[in-house]
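Per-entry structural report
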Amino acid sequence: MECMNCGSTNDTTDLLSNNEKVILCVDCRFDLATGKLKLPLKTMGRPFLGITKKVSLTMTKQLWEHLEVKSYNNRSVYLRSLVNRDFQEMIRDNEACLGYAILGAKRLGYSSEQIELLVKAINGERI
Ligand SMILES: [Zn+2]
């Protein structure tokens, strides 16, 4: 489930407010408890999640059936979670690679200035 206030999936719980179901993540529930967040939500119904683009997708019948089962009839949420998971994995992989490059540079006796330049070069920053 996605938080209706911020879109997070971190420890979400649904609660009732004026007979309307509200799904909030742990951080937004904290904000609600401390008065920082008020109900009804200003974004009630649909939190801002980003840019909407139409996509046409061709897959086998088997994959479509898998999508229907896994998405619980909300394909957008499921597909967004898959893309987000892949994106987070890419970031972790890149950070791990950078860590190995820094480790190797240290073993070669690079100075911290040289390592900083190496990291900037790897990240495509101007040196
Ligand atoms: Zn939230």
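Keep in mind the model is a prediction, meaning the values are calculated, not measured.

1. Brief notes about the coordination of the zinc ion
The protein atoms donating to the zinc ion are C3 (SG), C6 (SG), C25 (SG) and C28 (SG), with metal-donor distances spanning 2.3 to 2.4 Å. The coordination sphere of the zinc ion comprises 4 donor atoms, whose angles at the metal cover 105 to 116°; the geometry is tetrahedral. Counting gaps between the donor residues of the zinc ion yields the pattern C-x2-C-x18-C-x2-C. Linking C6 in the segment before β1 (13-17) with C28 in helix α1 (residues 26-33), this pair joins segments that are 22 residues apart in sequence.

2. Describing the side chain of S71
Here S71 lies in helix α2 (residues 61-71). Engagement of the side chain of S71 in a polar contact is seen with the backbone oxygen of E68, the distance being 3.5 Å.

3. As for unusual backbone geometry
The phi dihedral of D11 falls on the positive side, at around 50°, and the residue is not glycine. With respect to the secondary-structure elements, D11 resides in the segment before β1. Owing to a relative accessible area of 45%, D11 belongs among the partly exposed residues under this scheme. One non-glycine residue with positive phi stands out, namely Y72, at about 50°. Locating Y72 in the fold gives a position in the loop between α2 and α3 (75-107).

4. As for the pairing of strand β2 (residues 20-24)
Relative to β2, β1 runs antiparallel, the two sharing 5 bridges. Across the sheet, residue D14 finds its bridge partner in β2, namely I23. Linking β1 to β2, which pair antiparallel, is a turn of 2 residues; within it N18 sits at a positive phi near 50°.

5. Quick word on the pattern of salt bridges
Opposite charge on two side chains lets them pair, provided their charged atoms get close. This structure, assessed with the given rule, holds 5 salt bridges. One salt bridge connects E68 with R75, and the closest N-O pair in it is separated by 2.7 Å. Among the ionic pairs, K120 bridges to E116, the shortest N-O distance being 3.9 Å. Residue K120 and its partner E116 are located together in helix α4 (residues 112-122), separated by 4 residues, close to a single helical turn. Judged by its relative accessible area of 28%, K120 falls in the partly exposed class. The class of E116 is partly exposed, set by a relative accessible area of 47%.

6. Things to note about the packing of α2 against α3
The contact between α2 and α3 brings their axes to 8 Å, and the two run at 95°. The orientation of α2 with respect to α3, classified from their angle, is roughly perpendicular. The segment α2 lies against α3, with W64, H66, L67, E68, K70 and S71 engaging R75, Y78 and L79. Taken together, the residues that form the contact of α2 with α3 break down as 4 nonpolar, 2 polar and 3 charged.

7. Some details on the nonpolar core
Ranked by size, the top nonpolar core spans 9 residues in total: C3, M4, V22, I23, L24, C25, C28, L37 and L41. The dominant element in this core, judged by the number of residues it contributes, is β2, at 3 residues.

About the thresholds
- Residues numbered from 1 in each chain as written.
- Predicted model: local features only at pLDDT ≥ 70, side-chain atom pairs only at ≥ 80, totals over all residues.
- Heavy atoms only, no water.
- Donors = N, O, S within 2.8 Å, 3.2 Å for Na, K, Ca; no water.
- Tetrahedral: all angles 85-135°; square planar, octahedral: opposite > 155°, others 65-115°.
- Helix = DSSP H or I, 4+ residues; strand = E, 2+ residues; numbered from the N terminus.
- Polar contact = N/O pair within 3.5 Å; in protein donor to acceptor, adjacent residues only side chain to side chain.
- Buried < 20%, exposed > 50% of the residue type's maximum accessible area, 1.4 Å probe, protein only.
- Pairing = 2+ DSSP bridges.
- Salt bridge = Lys/Arg side-chain N within 4 Å of Asp/Glu carboxyl O.
- Axes fitted to C-alpha atoms, helices over the stretch in contact; angles between N-to-C directions.
- Parallel < 35°, antiparallel > 145°, perpendicular 65-115°, else oblique.
- Contact = heavy atoms within 4.5 Å.
- Nonpolar A, V, L, I, M, F, W, Y, C, P; charged D, E, K, R; others polar.
- Core = buried A, V, L, I, M, F, W, Y, C linked by side-chain atoms within 4.5 Å.

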